[in-house]
Each structure stands twice: as C-alpha cells, then as structure tokens.
Amino acid sequence: MNICLVPSAKLSYESGSTIYAASVASALTKNGHFVQVICSEIPPLGVGQLEGLQYHTVDVMEHPVIDDYAVDSARMMESICAIASKIVALNRVQKIDIIHAHYATINAIAAMTASLVIGVPVVVTCFGRDLNNGYENDERYKRMVLAALNGCTRVICSSKEILERAIEIGAAEAKLQVMQNPIDLERFFVGENLEPWGHSLKFLTVVSCFGPEKGIEITIEGFRRYLEASGASARLQIVGQDEHPQQRNLHLIEKKIAECGLGKQVELIGPVNNSEVANLLRESDVLVDSRLVGNFSTVVLEALSCGTVVIASDAPGNAAILKGELSRLMYKRGDAASLALLLEDLTRDASHFGKIKHQIVKWREASADTYGISEHVKHLVELYEQQIKEMKTHGV
C-alpha cells in the first residue's frame, strides 16, 4: 500500500502528534507498506528521521493549527496549495492509495483538494487542538474544520471526548471512530527502583509547548501552595518550549515563578527528545498534568507505563485514561487549591505513596498493551483497506 502521510510539518520539533507520526510511519514501513511523508523540516537521522521512509519537504506553516499569534491568510493558502500540489506530483510518479492527514485544518483541506484530482480516500486524525483551540479561536480554522469533518472519507478521533466534540460541531457520526494514540512500550517501561522517595520529592511537567491551554501556571501555583502547607522538600521540573515568536508564554511562566518565590525550586529545562522524556519520567516521583482543554496527550500514558505516579486535571483526555481507582489522581482543572490538596494527600507518607505507585505498576501490567503501536497499526491498516475498497466499489 502506498500511503501519503501529512503530519504537523516541522518534524524536527517533538510534540505528541509528530511523535505519533514517526511511530506510525515506522510501523507501517516495517509491515511492508510504502510511506511518503510531506513536511517542512526533516529531523536529523537517528533523532526522529527513520530509514525506509520517503520524506518530501515543502515550504509550509510549521503547524496546521497556530492560534496564539497572527498568521496571514495568504500564508495559510500557500501552505494548502503547496501540500496539495506535492501530493498530486507524487501520485504522478507512483500511484498513491490513500492520504492520511493530521488535523482537520490546513493539512486536511490540502489532502481533500488533492483527492479531488487523483481520486483517493482521505483519512483525517483529530488530536483536539484543531477542534478545540483552532475552531474556537479563529474563524478561518472553524471553516476548515467544518469542511474537513464532512468532506473527508473518514475521521479518526484520539479519544471518545474528541469524537463527541466533533459531533457537537456538526460532523456526521457515521464518519467518525475513536483510535487512541499508541505509546512505545519498548521505550516507556517501569524502572528497577519502585521504592518511594528519599529526602526530597521530584515533580515533573512535560508539555510540547507553553500555550495557556497546558495550565502550567496552575501547576506552579498549586506547587507553591503545596510547599507552604506541607513544608515538604520538593522541586518541580518543567519540560517544553514556547512557540510564540516573542516568547510571550515563557515570559508569563517566568513571571509566575518569580512571583511565587520559587526560583530555586522550579527548573525550566527546555525541550527534550522522547527518549529523554522516558528517563525523566522514571527518575521523577510524580508527573503533574494541568491541561485545561480536552486535547489528547500521550504523556499521561507514558508516565503510567513507566510506573510514575500521575496527578492530572480532570480534562476529558485525562479522564479517559484515569479510570476506576486511578480516577482519584485527578483534580478539578484550573483549580490550584485542588491540585495542592491532592499533592498533600498523595505524599502524606511514603507508605501511602508506595501503595499508589504499585497500583500504577499493576495498571501497566494489565493495560499497557492496549495502547501499544502494533495493535494500533493493525487497526489503522484495516481502516485504510476498507476506505480504499469502498472508494473502488463506488466507482470513484
């Protein structure tokens, strides 16, 4: 099968969706499929770039949903035309069987435009930033989302909540299905040391960007309140970077750290690659995820797979994962006081913390395979084959 993949364009920048794109493309290639990836920037070989894939660079926007700074409409249109033209050109060299676009905005519109010319199915994956941030904050993205959800062949939603959101804004339910993002179980595994902390606790927050929807300031404020109330010895590391050209979000975070007097307890360590994230998770006592919206992120799954205790907001993406006994690890999103109280309860003594950690290890043993890449790609190929068959059956 010849698959044209159109992910977030800057593949050298590791985010949930670009890591997903690399994992899926690699697995499809290993299974004997020919995968061509359209992007603006290829990561270095061995750091995201995968052997066996065909990369094709075009001059397009770095991300298909930029909503925290101004993007010229002409630039959007140039990106759509560049992607569509590249797909048509690739099809001229070797017949494409299916196009898989990530995000129901620029990439999806470009894929649908190319499909009108070359006559192949278009599958679109929605991770949430398109249906939540883009749709709500920019009328141009809103129009694209509505056109993509109803004009493409099939829509994959990363969670049940994203599917419900798609229906809410007008998608045809028959086109939708949930297919949760996979994780690399060979990379995210439980470390040897399962003992509770020693003299100092280490908290970790991992985000791809410092957008306000990540709730980083809530994490910092909750951490401050926790330190004041508990008197605990603890530090917080924040992984990620600011995509804003003027670093506006970074400045706000630095200001919050200074206002809270946490210059020595909070460390901004910048972006790290996915393999480093796995090590950081295993070295940390608690992952704190304070996201405010329902966008899907794999970091909570990755933390659980490493046996790391998770404290997360009750945003829909987190609630879809933290079920049953693990649901008590969630706090009311946007509420720093609620976060602080949960941290206090979690770390009131080493014995209590250790019991929760062992529950998470049991979750890994029972549930992690459900999120593995092999099972995900198996279902993805079945979906591709079904869409190709249906298009041929209808004589398109």
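Residues numbered from 1 in each chain as written. Predicted model: local features only at pLDDT ≥ 70, side-chain atom pairs only at ≥ 80, totals over all residues. Heavy atoms only, no water.

Student: I would appreciate a short explanation of the overall build of the chain in the present structure.
Tutor: Each helix and strand counted, the chain has 14 helices and 13 strands in total. Here the C-alpha atoms of the chain give a radius of gyration of 21 Å, agreeing with the 21 Å that 2.2 N^0.38 yields for 396 residues. With respect to the principal axes defined by its C-alpha atoms, the chain has extents near 70 × 45 × 40 Å. Sequence separation of 24 or more characterises 71% of the internal contacts of the chain that already satisfy a separation of 6 or more. Computing the positive centroid from 38 side-chain charges and the negative centroid from 48, the chain places the two 2 Å apart. (Helix = DSSP H or I, 4+ residues; strand = E, 2+ residues; numbered from the N terminus. Rg over C-alpha atoms; globule rule 2.2 N^0.38 Å. Contact = heavy atoms within 4.5 Å. Lys, Arg positive; Asp, Glu negative; His and termini not counted. Charge placed at Lys NZ, Arg CZ, Asp CG, Glu CD.)

Student: Teacher, can you tell me more about the sheet that holds strand 3 (residues 54-57) here?
Tutor: In spatial order, the strands read 3-2-1-4-5-6-7; together these 7 strands make up an open sheet with parallel pairing. This sheet does not close on itself; its edge strands, each paired only once, are strand 3 and strand 7 (176-178). Pairs of neighbouring strands in the sheet enclose a mean axial angle of 20 degrees, with direction left out of account. Where helix 14 (residues 373-393) meets the sheet, its contacts fall on strand 1 (2-6), strand 4 (98-102), strand 5 (122-126), strand 6 (154-157) and strand 7, and the angle it forms with strand 4 comes to roughly 125 degrees. (Pairing = 2+ DSSP bridges. Axes fitted to C-alpha atoms, helices over the stretch in contact; angles between N-to-C directions.)

Student: Got a minute to help me understand the pattern of salt bridges in this structure?
Tutor: When charged atoms on two side chains of opposite charge get close, those side chains can pair. Per the stated rule, a full pass over the model turns up 17 salt bridges. Across the salt bridge formed by Arg 75 and Asp 59, the nearest N and O atoms sit 3.0 Å from each other. In this pair, Arg 75 is assigned in helix 2 (residues 73-93) and Asp 59 in the loop between strand 3 and helix 2, connecting sequence segments 16 residues apart. Exposure remark for Arg 75: the relative accessible area of 24% places this residue in the partly exposed category. (Salt bridge = Lys/Arg side-chain N within 4 Å of Asp/Glu carboxyl O. Buried < 20%, exposed > 50% of the residue type's maximum accessible area, 1.4 Å probe, protein only.)

Student: Mind showing me how you'd approach the sheet that holds strand 9 (residues 234-241) here?
Tutor: Pairing between sheet strands relies on hydrogen bonds along the backbone, with the strands arranged either parallel or antiparallel. Across the sheet, which stays open at both edges, the 6 strands sit in the order 10-9-8-11-12-13 with parallel pairing between neighbours. Each end of this open sheet is capped by a strand with a single partner; those strands are strand 10 (266-270) and strand 13 (330-331). Pairing geometry for strand 12 (residues 309-313) and strand 13, over 2 bridges, is parallel. Paired with Ser 313 across the two strands is Tyr 331, which belongs to strand 13. Where helix 9 (residues 274-283) meets the sheet, it contacts strand 8 (201-209), strand 9, strand 10 and strand 11 (286-289), and its direction lies at approximately 155 degrees from that of strand 8.

Student: What is the right way to read a negative patch on the surface from this model?
Tutor: A surface patch of like charges, here negative, comprises Asp 369, Glu 375, Glu 382 and Glu 385. With respect to the helices, strands and loops of the structure, Glu 375 is situated in helix 14. (Patch = residues over 30% accessible without salt bridge, like charges linked within 9 Å, V, L, I, M, F, W, Y side chains within 5 Å. Areas by Shrake-Rupley, 256 points an atom, 1.4 Å probe, with all protein chains shown as cover.)

Student: Help me out: how do you make sense of the packing of helix 4 (residues 130-137) against helix 6 (residues 160-168) in this one?
Tutor: Helices that pack against each other are described as a pair by the angle of their axes relative to one another and the distance between those axes. Between helix 4 and helix 6, whose axes approach to 10 Å, the crossing angle comes to 35 degrees. From helix 4, Leu 131, Asn 132, Tyr 135 and Glu 136 reach across to helix 6, where they touch Ile 162, Arg 165 and Ala 166. Along the lines of polarity and charge, the residues of the contact of helix 4 with helix 6 split into 4 nonpolar, 1 polar and 2 charged. (Nonpolar A, V, L, I, M, F, W, Y, C, P; charged D, E, K, R; others polar.)

Student: Explain the nonpolar core to me, please; I cannot follow it from the model alone.
Tutor: Soluble globular proteins tend to pack their nonpolar side chains together in the buried interior. Counting residues in each nonpolar core, the largest one holds 74 residues, and the members touching the most others are Ile 87, Ile 99 and Leu 149. Per-element accounting of this core gives the leading share, 8 residues, to helix 3 (residues 106-118). One finds Ile 220, Tyr 226, Leu 262 and Met 330 within the second-largest nonpolar core, a separate group that totals 60 residues. (Core = buried A, V, L, I, M, F, W, Y, C linked by side-chain atoms within 4.5 Å.)

Student: Even after reading the chapter, I still don't get unusual backbone geometry, so can you show me in this structure?
Tutor: For residues besides glycine, phi is generally negative; the peptide bonds are generally trans as well. One non-glycine residue with positive phi stands out, namely Tyr 103, at about 85 degrees. In this structure, Tyr 103 sits in the loop between strand 4 and helix 3. Even without a glycine there, the phi angle at Gln 247 is positive, about 55 degrees. For Gln 247, a relative accessible area of 27% puts it in the partly exposed group.

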